[in-house]
Amino acid sequence: MSKILETPVLLPIAPFDPAFDYKLQYTYNDNQAVQNQVIITDNATGEIAYDSDRVDNMSSSHTIPGGTLSPGNQYLAQVQVFDEDNNHSGLSEAVLFYCFTAPEFAFTNLTDGYNCKNANLTLELSYAQAEDETLKSFQFMKYSYDKTLLETSETLYPTAALSHSFYGLENNNTYYFRAVGETTHGMSLDTGYVAVNVSFNTIPANVVFQVENNYQNGYIQLQLNIRSIGYALANDNYTLADGRLTLQNNTLTYNEGFSVTDDFCLLADISKLPLGTFFKAGDNAFSLSVIEVCGSYYCKLAVPDSGFAQFIALPGATPDTESGMLLLPDTLSIFEVKRINGIYNLSVYSRT
């Protein structure tokens, strides 16, 4: 006696390049299926583009041979199964999918084994697709020599430039860089891992200030070893007047010229602050932020991955409705962060 088998359910089909074989997956929970049949129709014309007939297959999958479908088209796929007694299911619900030629997605300014002679590296991407499938989003990643993820960019969109800079690369090290992305219809993109060898010359700066008394000629000679500190601004929304920098919807990153690995003391002279995080130390060492609690304002020192946080009250701080910033009184203009033997401390006091 014949039996109608349970109808299988096709799993969602990601866009793929039809020049290559593609394996459809489905779920099915009835008698053991020994054959399946897949029918694919062109969604625009309704014509059958592929009919596999009955194919011997005991797994819940079906491979569409490369070259069967055409890129740039939409299709509807259905599957049915057969058991050893020639019982069969009905055709599954149709699943819509797209075919596109594989996009070109790669770095334009470096190849595997690239030699970087700087502590900073800007990655530049290119994207192209034959059927004009648009790019939806992308992201950059930095890995250590053993491909441990170290840093990622934010998820970026085509309105931004297809580039991103990583700072603070350590000399005589190997890094891997990679970019991933997605097209508008969900096609995955990946540049793969690209190795970069970092090697650059450093000038020793053991003496910062030296005084020499040239008594024979009656003068004192001063020698200064001024260190040039690399920096980057996110945009041009800033002013520099009377020795004070004002940032408007902007960020300043010091990216070259110094590093702190042991004990340190950091001083920041500040007169206005935004709510939220306003300072981050390199390598995610610590951050400073301003929070509001019941109308009072506090500065928070946080050390990631340690659970440590310290709060300092900011009495006299008042919000500026015009700029949206928090105005600090002269008694609270210096923010001091110290790290001694791995222990952090925050102090806020007057510059006098």
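That block above? That's the structure.
Criteria and cut-off values
- Residues numbered from 1 in each chain as written.
- Predicted model: local features only at pLDDT ≥ 70, side-chain atom pairs only at ≥ 80, totals over all residues.
- Heavy atoms only, no water.
- Helix = DSSP H or I, 4+ residues; strand = E, 2+ residues; numbered from the N terminus.
- Rg over C-alpha atoms; globule rule 2.2 N^0.38 Å.
- Buried < 20%, exposed > 50% of the residue type's maximum accessible area, 1.4 Å probe, protein only.
- Contact = heavy atoms within 4.5 Å.
- Pairing = 2+ DSSP bridges.
- Axes fitted to C-alpha atoms, helices over the stretch in contact; angles between N-to-C directions.
- Patch = residues over 30% accessible without salt bridge, like charges linked within 9 Å, V, L, I, M, F, W, Y side chains within 5 Å.
- Areas by Shrake-Rupley, 256 points an atom, 1.4 Å probe, with all protein chains shown as cover.
- Salt bridge = Lys/Arg side-chain N within 4 Å of Asp/Glu carboxyl O.
- Phe/Tyr/Trp six-rings, centres within 6.5 Å; stacked < 30°, edge-to-face > 60°.
- Lys NZ or Arg CZ within 6 Å of the ring centre and 35° of its normal.
- Polar contact = N/O pair within 3.5 Å; in protein donor to acceptor, adjacent residues only side chain to side chain.
- Core = buried A, V, L, I, M, F, W, Y, C linked by side-chain atoms within 4.5 Å.

Draft legend 1. Spatial organisation of the overall build of the chain. Each helix and strand counted, the chain has zero helices and 35 strands in total. Over its C-alpha atoms the chain spans a radius of gyration of 31 Å, topping by over 25% the 20 Å that the globule rule assigns to 352 residues. Relative to its full complement of 352 residues, the chain shows a buried share of 33%. Within the chain, counting contacts between residues at least 6 apart in sequence, those at least 24 apart form 53% of the total.

Draft legend 2. Structural context of the environment of Ala49. Mapping Ala49 onto the fold places it in strand E5 (residues 48–51). According to the relative accessible area criterion, Ala49 is partly exposed, its value standing at 33%. Taking the C-alpha atoms as reference points, Ala49 and Leu76, 27 residues apart in sequence, are found 9.5 Å from one another. Those residues in contact with Ala49 that sit more than four places away from it in its chain are Ile40, Thr41, Asp42, Thr68, Leu69 and Tyr75.

Draft legend 3. Structural context of the sheet that holds strand E7 (residues 61–64). The antiparallel open sheet is built from three strands, whose spatial order is E2-E3-E7. Every interior strand has two partners, whereas the edge strands, strand E2 (9–10) and E7, have only one. In the sheet, E2 pairs with strand E3 (residues 22–27) via two bridges, with the strands oriented antiparallel. Looking across to E3, one finds that Leu10 is bridged to Tyr26.

Draft legend 4. Spotlight on the sheet that holds strand E13 (residues 121–128). Here we have three strands laid out as an open sheet, ordered E11-E13-E16, and antiparallel in their pairing. Either end of the sheet is taken by a strand with one partner, and the two such strands are strand E11 (104–107) and strand E16 (163–166). Direction aside, neighbouring strands of the sheet carry axes that sit 15° apart on average. Both E13 and E16 contribute to a ladder of four bridges, which runs antiparallel. Its bridge partner lying in E16, Glu124 is registered against Ser163.

Draft legend 5. View of a nonpolar patch on the surface. Residues Val211, Ile220 and Leu222 make up a contiguous nonpolar surface patch of about 300 Å² in total accessible area. With respect to the helices and strands, the residue Val211 is situated in strand E20 (residues 209–214).

Draft legend 6. Spatial organisation of the packing of aromatic side chains. Applying the stated criterion across every chain, the model contains 14 aromatic pairs. Judged by centre distance (6.3 Å) and plane angle (40°), the rings of Tyr175 and Phe177 are tilted. Per residue, the accessibility class of Tyr175 equals that of Phe177, and both read buried. Clustering of aromatic rings is evident, with ring pairs tying together Phe16, Tyr22, Tyr75 and Phe97. A cation over an aromatic ring shows up here: Arg54 above the ring of Phe82, its NZ or CZ 4.0 Å from the ring centre. Cation over ring: Arg178 sits above Tyr193, and NZ or CZ is 5.1 Å from the ring centre.

Draft legend 7. Fine view of the environment of Thr122. Mapped onto the elements of the fold, Thr122 is located in strand E13. Residues Thr122 and Ser163 lie 41 residues apart in sequence; the distance between their C-alpha atoms is 6.8 Å. Sequence-distant contacts of Thr122, defined by excluding residues within four places in its chain, comprise Asn109, Ser163, His164 and Ser165. At a separation of 2.7 Å, a polar atom in the side chain of Thr122 contacts the side chain of Ser165.

Draft legend 8. Expanded view of the pairing of strand E4 (residues 33–42). Summarising burial for E4: nine of the 10 residues are buried, a large majority. Bridge count between E4 and strand E8 (residues 74–83): nine bridges; the pairing is antiparallel. Residue pairing across strands places Gln35 opposite Phe82, the latter belonging to E8. Here two bridges tie E4 to strand E6 (residues 55–56), and the two strands are oriented antiparallel to one another. Within E6, the position partnered with Gln35 by the bridge is Asp56. The antiparallel pairing of E4 with E5 creates a hairpin that spans five residues between the two strands, and Gly46 there sits at a positive phi of about 80°.

Draft legend 9. Local environment of the nonpolar core. Counting 23 residues, the largest nonpolar core has Phe286, Leu314, Leu328, Phe335, Val337 and Leu346 as the members making the most contacts within it. Counting residues per element, the ones that place at least two in this core are strand E26 (264–269), strand E29 (287–293), strand E30 (296–303), strand E34 (334–340) and strand E35 (343–349). Ranked by residues supplied to this core, first place goes to E30 with four residues. Leaving out residues up to four positions away in the same chain, Val337 has contacts with Phe264, Cys265, Leu266, Phe286, Leu288, Leu301, Tyr344, Asn345 and Leu346. If you look at the next biggest cluster of nonpolar residues, it comprises 22 residues, including Leu121, Leu135, Phe177 and Val198.

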